[in-house]
Every structure is written in C-alpha cells, then in structure tokens.
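Coordinates in review
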Amino acid sequence: QVQLVESGGGLVQAGGSLRLSCAASGLIFSTYSMGWYRQAPGKQRELVATITAGRTTNYADSVKGRFTISRDNAKNTVYLQMNSLKPEDTAVYYCKAALVGGSWGRGTQVTVSS
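Notes on the structure follow. (Residues numbered from 1 in each chain as written. Predicted model: local features only at pLDDT ≥ 70, side-chain atom pairs only at ≥ 80, totals over all residues. Heavy atoms only, no water.)

With that settled, the discussion passes to the pairing of strand β1 (residues 3-7). The alternating pattern of β1 places L4 and E6 on a buried face and Q3, V5 and S7 on a face that is not buried. The pairing of β1 with strand β3 (residues 18-25) spans 5 bridges and is classified as antiparallel. Bridged to S7 within β3 is S21. (Buried < 20%, exposed > 50% of the residue type's maximum accessible area, 1.4 Å probe, protein only. Helix = DSSP H or I, 4+ residues; strand = E, 2+ residues; numbered from the N terminus. Pairing = 2+ DSSP bridges.)

Here's what the structure looks like:
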C-alpha cells in the first residue's frame, strides 16, 4: 500500500525556516503529482503547494514567495522549504499523492511562535 511519512516539523520563531520532508513508498513516485496540505486546530485542511511529475508547481496565495515545493525522485521524497514563517503557518502538515486513496498519515507539526 501507499505510505507517506512526513518529517521535519518543529518549533521555530517567526521569520525562521524549516524544511519538511515526505518519504513515499508503494507507488511509482516519479509519475505522481504530490501536494502538501496543512490543518490548524478548528480549521479545515487546506492545500498549500503542489508539484507535478514534470515539476510544475503551484502555491496557495498565503505562502507564495515564502514556500518552495520540490521533489527528489531518486529518493522518493517531496520537500517543502518554508521561509519567513509566520504564526499563521502553525498547523499539522501532511503530504498526499494525487489520485491515491487511503487515510492521511500522522503529519508533522509546525509551530511558529511570535
């Protein structure tokens, strides 16, 4: 089955940076679009960034210019580089492969303090 394991979260001050990683298995990784989502307490899960198999990227307006999604197909890993972090970025971050069902993973907690 498809398994996605997020890592790299932590506590950081506003203005700081983090790099999240998502290690994938159970799929031909290089052929899938991948996305990062986040969910803050009491809020709906939202799409943060996507990257296609051809490495076309898209970002939510709230993170555009601050976050960068990338992928390393040799490592079956997608990354989310987060710079200039704001308290509003605090959430659990999840990765997802397009058109793949199944439950969400545990995610990784990002907490940005002011």
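Still more ground to cover, so stick around.
Inspection of the secondary structure puts T90 in the loop between β8 (77-82) and β9 (91-97). In this structure, the C-alpha to C-alpha distance between T90 and T111, residues 21 residues apart in sequence, is 4.6 Å. When residues no more than four places from it in sequence are discounted, the contact partners of T90 are A40, Q109, V110, T111 and V112. A polar contact of 2.9 Å, which involves the side chain of T90, links it to the backbone nitrogen of V112. (Contact = heavy atoms within 4.5 Å. Polar contact = N/O pair within 3.5 Å; in protein donor to acceptor, adjacent residues only side chain to side chain.)

Across the sheet, which stays open at both edges, the 6 strands sit in the order β2-β10-β9-β4-β5-β6 with mixed pairing between neighbours. The two strands at the open ends of the sheet, each matched to only one other strand, are β2 (10-13) and β6 (57-59). For this sheet, the mean angle separating the axes of adjacent strands, direction not counted, is 25 degrees. Alignment of β2 against strand β10 (residues 108-113), held across 4 bridges, turns out to be parallel. Within β10, the position partnered with L11 by the bridge is T111. (Axes fitted to C-alpha atoms, helices over the stretch in contact; angles between N-to-C directions.)

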